[in-house]
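Listed below, chain by chain, are the residues.
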Amino acid sequence: MAGRAADDRPSGCWPGLAVALWAVLVAGCAAHRPAVEADVLPKRDATLSELERMLAERSEVEAYRALVTFQASRGGRSGSVKGTVRYTPPKTFEVHGLDPLGRDLFVLSAEGEHVTLRRDDAAPALVGADLIESGLAPWVGPIRVADVLLVLGASHGVAVDPLEVVALERGEERYTLYVLVVDGGRARLERKILFERTRFLPVSEEWFDSDGSRRIRVEFDRYREVRGTWRPFLVSALSESGSLRIEFHELAVDPS
């Protein structure tokens, strides 16, 4: 194992909006190159420094729009909804849940720590992730809003702060990156990331609580190349609050 020390409510969508957006995104479908199966590509080796450099090069994510399906389940309850996601760097998400006619069911906006949920009725907007934990239940299912935002952010790729303590374990099939933090004078595991060994794309990422228990595990699959960047088009998460699956149908870099 190798390591290093730390050096007013929005306007609703008219029925044709979803169709128009679908047409725009499908027009860019030719630019999406499906991933070659990892087992037909040669395995590569990398040092910790090389892996960190690759992650740094992938850390900048352009603005984009995507068509997605959210599915969630917990304790026998489940739900799903189709919608759109718009991302604006560095940390702004706008998620629209849509009915079959393309009209807004809800709009979830997050700009850093500021989170707002606007619904299709005349009810006032809910502000703050703690206040809207069950706000998506009528459409998406019993899932925490914080988990939705975490998984969307994780789909952008793994980020490692230069000040974090990391260690690399090289395996025959996977590389494992351990991210440690100093807590009470002692180092503890905060995250664990698995990479495949062809392009070193993340396979999974796990977050741990201070007592060492796993808080959430996110898995990445169906990678496709979009404008020179490999993006997972299927992201699944499992935690005590339930399971969440976000499937990207189309994704287009936003020129605006």
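Residues numbered from 1 in each chain as written. Predicted model: local features only at pLDDT ≥ 70, side-chain atom pairs only at ≥ 80, totals over all residues. Heavy atoms only, no water.

Attention now moves to unusual backbone geometry. A cis amide bond links Pro-89 with the next residue in sequence, Pro-90, at an omega value of 5°. You can see Pro-90 is positioned in the loop between strand 4 (77-88) and strand 5 (92-98). If you check the backbone angles, Arg-222 has positive phi at about 55° while not being a glycine. Positionally, Arg-222 belongs in strand 13 (residues 214-226). According to the relative accessible area criterion, Arg-222 is partly exposed, its value standing at 43%. In the Ramachandran plot, Arg-227 falls in the positive-phi region, its phi being about 50° despite a non-glycine side chain. Counting through the fold element by element, Arg-227 comes out in the loop between strand 13 and strand 14 (229-239). (Helix = DSSP H or I, 4+ residues; strand = E, 2+ residues; numbered from the N terminus. Buried < 20%, exposed > 50% of the residue type's maximum accessible area, 1.4 Å probe, protein only.)

Within the fold, Asp-147 resides in helix 3 (residues 145-154). Asp-147 sits in the buried class, given a relative accessible area of 7%. In terms of polar contacts, Asp-147 uses its side chain to reach the side chain of Ser-239, at 3.4 Å. Apart from the residues within four sequence positions on either side, Asp-147 is in contact with Ile-216, Ser-239, Ser-241 and Leu-244. (Polar contact = N/O pair within 3.5 Å; in protein donor to acceptor, adjacent residues only side chain to side chain. Contact = heavy atoms within 4.5 Å.)

Of all 10 residues that make up helix 3, seven are buried, and the element is covered over most of its length. Of the residues making up helix 3, those classed as buried are Val-145, Asp-147, Val-148, Leu-149, Val-151, Leu-152 and Ala-154.

Turning our eyes to something else, we now look at the confidence of the model for the chain. Scored by pLDDT, the chain comes out at a mean of 82, with 79% of its residues at no less than 70. By mean pLDDT, helix 1 (residues 15-27) is the weakest element of the chain at 45, and strand 12 (residues 202-208) is the strongest at 96. pLDDT under 50 marks residues 5-30. Its contacts with residues more than four places away, or in other chains, come to 42 contacts. (pLDDT = per-residue confidence, 0-100.)

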